[in-house]
Amino acid sequence: MSQFLSYAIPGLPYGCVFALLGMGLVLTYQTSAVFNLAFGAQAYASALVFYVCVSDGWPTWAAFLVSVVFGAPLLGVVIDLGLFRFVRSRPVLVKLVAALGLLIVIPAVLQVAFGTSNRYSPPSLWLSPSTVYFRVLGDPINGGELSTVIVTAAVALLLSLMFHFTQTGLRMRAMAESPRMVQLAGLSAERVGMTSWMLSSFLAGLAGVIIAPVFGSLQSLNFTQLLVAAVAAAAAGSLVSLPYTFLGGVILGILEEVLGGYLPSGNVLSSGLRPGFPFIVLLALLLFLPGLRRRWGRTDDPLAACDPPPAPIASTMRDPALYRATRIGTTVFVIAFVLSCLTWITDNWVFTLSQALALSIVFLSLVLLTGMSGQISLCQAAFAGVGAFTAGQLAMHFNLSILVGIVAAGVVAALVGVVVALPALRVGGLALALATLAFGLLADNIGFQFSWSLNGDSGISLPRPTLGPINFSSDRSFFLLIIVVLAICIAIVEAIRRGTTGRQLAALRGSELAAASIGINPARTKIGVFALSAGLAGVGGALYGSLDSSVSASDFNTLVSLVFVVVVATVGVYTVEGAIEAGLAYVLLNNLVTSSLPSSWASLLEIVFGAGAVVYVLHPEGVIEYLKRFAIEHLVRGGGERAEAEVLA
Amino acid sequence: MSAPGAEALPAALQFEHVDAAYGRFRALFDVSFTVPSGSVTALLGPNGAGKSTVARVATGLVPSTAGRILVSGRDVTHQPAWKITRLGVAHAPEGRPVFASLDVEDNLRLTFLSQLSRKEAADALERAYARFPRLAERRSQLAGTLSGGEQRMLALARVLVVPPRLLVVDELTLGLAPRMVDEVYRALRDIRDAGTSLLVVEQQIPRALELAEFVLVLRKGRLVQARPASELSAGLAEEILSVPAAPVDGSS
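Residues numbered from 1 in each chain as written. Chains lettered and ligands numbered in written order. Predicted model: local features only at pLDDT ≥ 70, side-chain atom pairs only at ≥ 80, totals over all residues. Heavy atoms only, no water.

A. The arrangement of the pattern of salt bridges in detail. As enumerated under the stated definition, the model contains 18 salt bridges over all chains in all. With a closest N to O distance of 3.2 Å, A:D80 and A:R85 form a salt bridge. Assigned by exposure class, A:D80 and A:R85 land together as buried. For B:R127, the salt bridge identified is with B:D123, shortest N-O distance 3.9 Å. (Salt bridge = Lys/Arg side-chain N within 4 Å of Asp/Glu carboxyl O. Buried < 20%, exposed > 50% of the residue type's maximum accessible area, 1.4 Å probe, protein only.)

Listed below in structure tokens is the structure:
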């Protein structure tokens, strides 16, 4: 028992931080209906500013004022005014992408502002962690732990009281349901929303500064991982209840430490299990808390009809002559492109373009999943990783050709996809996003560390394939192979779109209930598409690995997955060509940034794509799709006069 | 259209050549009308004519793209909904006009506290419960679990106790049992008697004509009739509404 307590008591402060973050998430979700995945990044921002101020010799209280009391709410105001105000009545997907954009942009901007140097041993906020104040059952309680627990308990109490018993709290709760109805009650929804953003950002900042000393050095990824624990805490409170979220966070923190204490140290499983534990808890909650599923599927603003309907896809507006011209143009371009790559383009560029096209296959999996079936996955890079190691290990141990390996990669990744999607499937939307995020982090921390998978950061090597007498070891021949595989993948996706499944998906995207009422099984259709999408990502990952000839866990980490989603959403997630354009844009921009700009600009790419996510909020059809439509309307149809004449019921 | 006897007071609501659109889709074309102060005006029209859009534009939920909107003589054209509400315009929207996730009492408190002092709000709450004992019984029940009729009573209770200058009602009787429809109309009558002007969007034409003094008829986003209710025979009204909504332009 005493051993149990000696593990459990140090877990309490962790639990408190999870609870703080979880309550912040619930608060934002309740008031703005945004599940703020950037919450960890906000915590990181405050912790970083606090660190910088203290190391500049500021007194702690002044640093706290700047970073948490003023800085954090200010950041909240900025992201509300600049972003989330515009997404309130948008679908879950748009909100998630907006939050993802922030999650990527905030650390990138901070890196530009404060430099990328390592920041070791972050300072503590209040009581010194090196002073032992008293002992509980012989365990020393230091100042850091004590201040964390006291601050969290006080904040949790005040917040719950405020939320449930004051007028401000009442307004915030009303906002969650319908900002427009709040307006009709004579209240400025903007002002209520801003208040809640300030409050939740304050919580994020506070949690960030409190937790920072726990990490050896300040890194944004630590804070992103913290988010999964916070999500699990919020899930324990069914995304509604602040007290239960608090309890959930505390229990999670304690369990994590207890688990860490009893597991043998030193192997991959125990070092990875701690970050992976919240994932397991989250999945368990998804499976066993039926109330949670209901909450996460909801969109019930009675005034949602005030929003304009989503814009149609440009291809539906093309007139036949233009369509024919585009088709001919595209064919000529593709042939010219392939021929050029095989002849006069330099090897370096062929390699780069091959990378882009291999990634396009991964991106195609997002077009299938997100664009065609309206689901979101935050672990496509992990599926690509699964594909890469499947092909690589098969080649290494069984001397299997990569060509066979690629097929195996697709199959294995698809199977893994089924396992990931099963628990979250009935809800879709947000729950699926969170389950896949957690899975991605689990893969980072445990799955990809084993020598039988990606072997951690040391990585594994993948040979180039041979097919009988044909050897694909040269970049040019491999380029051809990638083109062929890409064409097959496109053909599959197109066949699905035009066939029965595509129509079923379109029906599901419109209304799951209506689709179910005409005999479509939503669960089965969605899981099928999810598996296929995971399989495509696996194929793409295997090809990408074989092209690079070696891959490691860092090539497929969660941040990469997040960037993938943002890139594809920004460029155009509704069309097949969007995936290819996204692949090209990603690789070419990456090349540009790494080769021709100074290293301090390394985060520029993230900023660009993060900003792209903001554009996505305004134009969910994607930037290129938007430009295309703009061109069609204004060049061909003469100012879109016909569009003007349409009357909506 | 000018209403006899309304010259003294500015019109409760006035549309001047108003256009409105949802994104690319135009919903209203050059709509002009007045709701004279203290009167009940019914807004009729087939499905998809733009009735709800008129209601939403009047309270600022959907922005107008051209023209002017005046509330009690004040230009509110590009004002946000909450400011228009504070000028004394209440809007009971179509469907579910209450906060489903708040309990009955919180629904009432939210509105009262935004208009009244704390003490007046408590007083208003008591009066609302006195008028609708049913709501008092269910004061701590989530509004989403009330029946459709009770939800609409709740929406009207907010208005009855603190009478606004203008009430916009959007198909409040849709899907209700006849007895509940009677109750809704009784409450609307009470609200009118308290001096509130009403703009009533309605599909049950006979019921609307019992209450209304003026009638507006919309079709395909345009105002096609505006006249005193007495001039509109029931037969003519039926004829207006029997014209099917124009098919959406499918040639694109």
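B. The arrangement of the packing of aromatic side chains in detail. Within the structure shown, the criterion is met by 14 aromatic pairs over all chains. Geometrically, the ring pair formed by A:F333 and A:F337 is stacked, given 6.2 Å between the ring centres and 20 degrees between the ring planes. Here A:F333 pairs with A:F337, and both are found in helix α13 (residues 320-342), just four residues apart, close to one helical turn. The class of A:F333 is exposed, set by a relative accessible area of 56%. Consider the rings of A:F383 and A:F530, whose centres lie 5.9 Å apart with planes at 80 degrees: the pair is edge-to-face. One end of the pair, A:F383, is in helix α15 (residues 380-398); the other, A:F530, is in helix α21 (residues 522-548), and 147 residues separate them in sequence. For the pair A:F383 and A:F530, one class covers both residues: buried. Three or more aromatic residues link up through ring pairs in this structure, and these residues are A:F389, A:F448, A:F450 and A:W452. One Lys or Arg, A:R464, reaches over the ring of A:F478 and ends 4.7 Å from the middle of that ring. B:R222 extends its terminal NZ or CZ atom over the ring of B:F29, reaching a point 4.4 Å from the ring centre. (Phe/Tyr/Trp six-rings, centres within 6.5 Å; stacked < 30°, edge-to-face > 60°. Helix = DSSP H or I, 4+ residues; strand = E, 2+ residues; numbered from the N terminus. Lys NZ or Arg CZ within 6 Å of the ring centre and 35° of its normal.)

C. Summary view of the environment of B:V18. All names here are of chain B. Note on placement: V18 falls in strand β1 (residues 13-22). Put simply, V18 and F29 are eleven residues apart on the chain and 6.7 Å apart in space, counted from C-alpha to C-alpha. Apart from residues lying up to four places away in sequence, V18 is in contact with L28, F29, D30, V31, V57, S64, A66, G67, R68 and I69. (Contact = heavy atoms within 4.5 Å.)

D. The interface of chain B and chain A, seen in detail. Tallying the contact residues gives 37 residues for chain B and 34 residues for chain A. Between chain B and chain A, a total of about 3,500 Å² is buried, with carbon and sulfur atoms accounting for 60% of that surface. If you sort the residues of chain B by the area they bury against chain A, B:R24, B:F25 and B:W82 come out on top, with a joint share of 21%. For the interface between chain B and chain A, the tally reads two salt bridges. Close ionic contact of B:R96 with A:E177 constitutes a salt bridge, the shortest N to O distance being 2.6 Å. Counting every contact that joins chain B to chain A gives eight residue pairs in polar contact (both at pLDDT 80 or more). Going through the elements one at a time, β2 (25-35), α2 (81-86) and α3 (104-115) of chain B are the ones with two or more residues in the side of chain B that touches chain A. (Buried area = accessible area lost by both parts, 1.4 Å probe. Polar contact = N/O pair within 3.5 Å; in protein donor to acceptor, adjacent residues only side chain to side chain.)

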